[in-house]
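Take a look at the letters that make up each chain.
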Amino acid sequence: MRQIVLDTETTGLDPLQGHKIIEIGCVELIDRRLTGRHYHQYIQPEREIDAGAMEVHGITQEFLKKKPVFSHIAQEFMDFVKGAELIIHNAPFDIGFLDAELASLPHSLGVMKDHCTVLDTLVMARNMHPGRRNNLDALCDRYDINNTSRELHGALLDSEILADVYIAMTSGQTDLALGGQLAGGNSLTQHIEEIIRLDNNRAKLKVVEASAEEIGRHRDWVAKHRAEDQPNIWPHDGLKPMDGQEDQLLQ
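Criteria and thresholds
- Residues numbered from 1 in each chain as written.
- Predicted model: local features only at pLDDT ≥ 70, side-chain atom pairs only at ≥ 80, totals over all residues.
- Heavy atoms only, no water.
- Helix = DSSP H or I, 4+ residues; strand = E, 2+ residues; numbered from the N terminus.
- Buried < 20%, exposed > 50% of the residue type's maximum accessible area, 1.4 Å probe, protein only.
- Expected span 1.5 Å × (residues − 1).
- Salt bridge = Lys/Arg side-chain N within 4 Å of Asp/Glu carboxyl O.
- Core = buried A, V, L, I, M, F, W, Y, C linked by side-chain atoms within 4.5 Å.
- Contact = heavy atoms within 4.5 Å.
- Axes fitted to C-alpha atoms, helices over the stretch in contact; angles between N-to-C directions.
- Parallel < 35°, antiparallel > 145°, perpendicular 65-115°, else oblique.
- Left-handed = near helix turned anticlockwise from the far one by under 90°.
- Nonpolar A, V, L, I, M, F, W, Y, C, P; charged D, E, K, R; others polar.

Enquirer: What should I look at first to understand unusual backbone geometry in this one?
Expert: Most peptide bonds adopt trans geometry, and most residues besides glycine take a negative phi value. Positive phi outside glycine occurs at D31, with the angle close to 55°. If you trace the backbone, D31 turns up in the loop between β2 (21-30) and β3 (33-42). For D31, a relative accessible area of 53% gives the class exposed. If you check the backbone angles, N90 has positive phi at about 65° while not being a glycine. Residue placement: N90 occurs in the loop between β4 (85-88) and α4 (91-103). On the basis of relative accessible area, N90 is assigned to the partly exposed category, the value being 35%.

See below:
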């Protein structure tokens, strides 16, 4: 299954007031594993950036001066996400902006739902953790995900963090110890990873097969107990295997 974790940064909060996308960041998951493929683009919005928005993402108009406008990157972006399930935190916000940008194109590309399905991790988090804070920082704390490099919001960084959060949220129970911490301050996840990490240069396990003599003795034992009709030795509530089944299991 191909999924794209997506985030945007914008000039403000409402596309209906003419606010625009200034950054798109996407990372690709295949079967819930990061592939290393990503899409990242800064965009010239051709309008001012609200001071409040700039405080969040730190992107200035001067920085965006020579970046392409959305119409110049629209097809490339749509080619990257087409056919995937989009994973977005607070999806109505990002989808609303993307649909507004698509609607402004001189050539129609439709709307996002024409090309992708959407999974909203904010809705998922609220269902899993009702009554608790479920923004991205809170989820990082809850699932022991390191986001210390995140001083300001950035679309690509946020999409990478959200990918880790989504994988943790959909991996079943992750905290088996009180507070998710073990002695020494390591998380349970880190501890398990250290336990199961295998050396790539390790020797291959030796496969020991039964000898012809051992197989013969086993067949004699099976025949003896079948003849004595001792049902309790057979698995599955005392049912005996069908004739010849034990031979098939030995092959």
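Resuming the write-up.
Enquirer: Can you walk me through helix α7 (residues 155-169) in this structure?
Expert: The end-to-end C-alpha distance of α7 is 20 Å, a good match for the 21 Å that 15 residues give at a rise of 1.5 Å each. α7 sits mainly inside the fold: 11 of its 15 residues count as buried. Looking only at α7, the buried set comprises A155, L156, D158, S159, I161, L162, A163, V165, Y166, A168 and M169.

Enquirer: Got a minute to help me understand the pattern of salt bridges in this structure?
Expert: Oppositely charged side chains can form a pair if their charged atoms are brought close together. A complete count under the given rule lists 6 salt bridges for this structure. Note that R2 is salt-bridged to E28, the shortest N-O span being 2.6 Å. One end of the pair, R2, is in strand β1 (residues 2-10); the other, E28, is in strand β2, and 26 residues separate them in sequence. Because the salt bridges share partners, they merge into one network encompassing R2, E28 and R37.

Enquirer: Hey, could you run me through the nonpolar core in this one?
Expert: For soluble globular proteins, nonpolar side chains are generally found buried alongside one another. Counting residues in hydrophobic clusters, the biggest one holds 26 residues, and the most contacted among them are I24, C26, F77, V81 and M112. Of all the secondary-structure elements, those providing two or more residues to this core are β1, β2, α3 (70-81), β4 and α4. The greatest single-element share of this core, amounting to 7 residues, is contributed by α3. Those residues in contact with C26, other than ones at most four positions away along the chain, are I4, V5, L6, H38, Y39, F77, F80, V81, L156 and S159.

Enquirer: Just checking my understanding: could you explain the packing of helix α5 (residues 121-128) against α7 for this structure?
Expert: Each pair of packed helices can be described by the angle between their axes along with the distance between the axes. Orientation of α5 relative to α7, taken along the N-to-C sense of each, is 40°, at an axis distance of 12 Å. The angle between α5 and α7 falls in the class oblique. Every pair of crossing elements has a handedness; the one defined by α5 and α7 is left-handed. Contact residues: T121, M124, A125 and M128 in α5; L162, Y166 and M169 in α7. Of the residues belonging to the contact of α5 with α7, the class tally is 6 nonpolar, 1 polar and no charged.

Enquirer: Looking at this structure, I do not really get the environment of G52. What am I missing?
Expert: Within the secondary structure layout, G52 lies in helix α1 (residues 51-57). Accessibility expressed as a relative area gives 45% for G52, which makes it partly exposed. Separated by 39 residues in the primary sequence, G52 and L13 place their C-alpha atoms 9.5 Å from one another.

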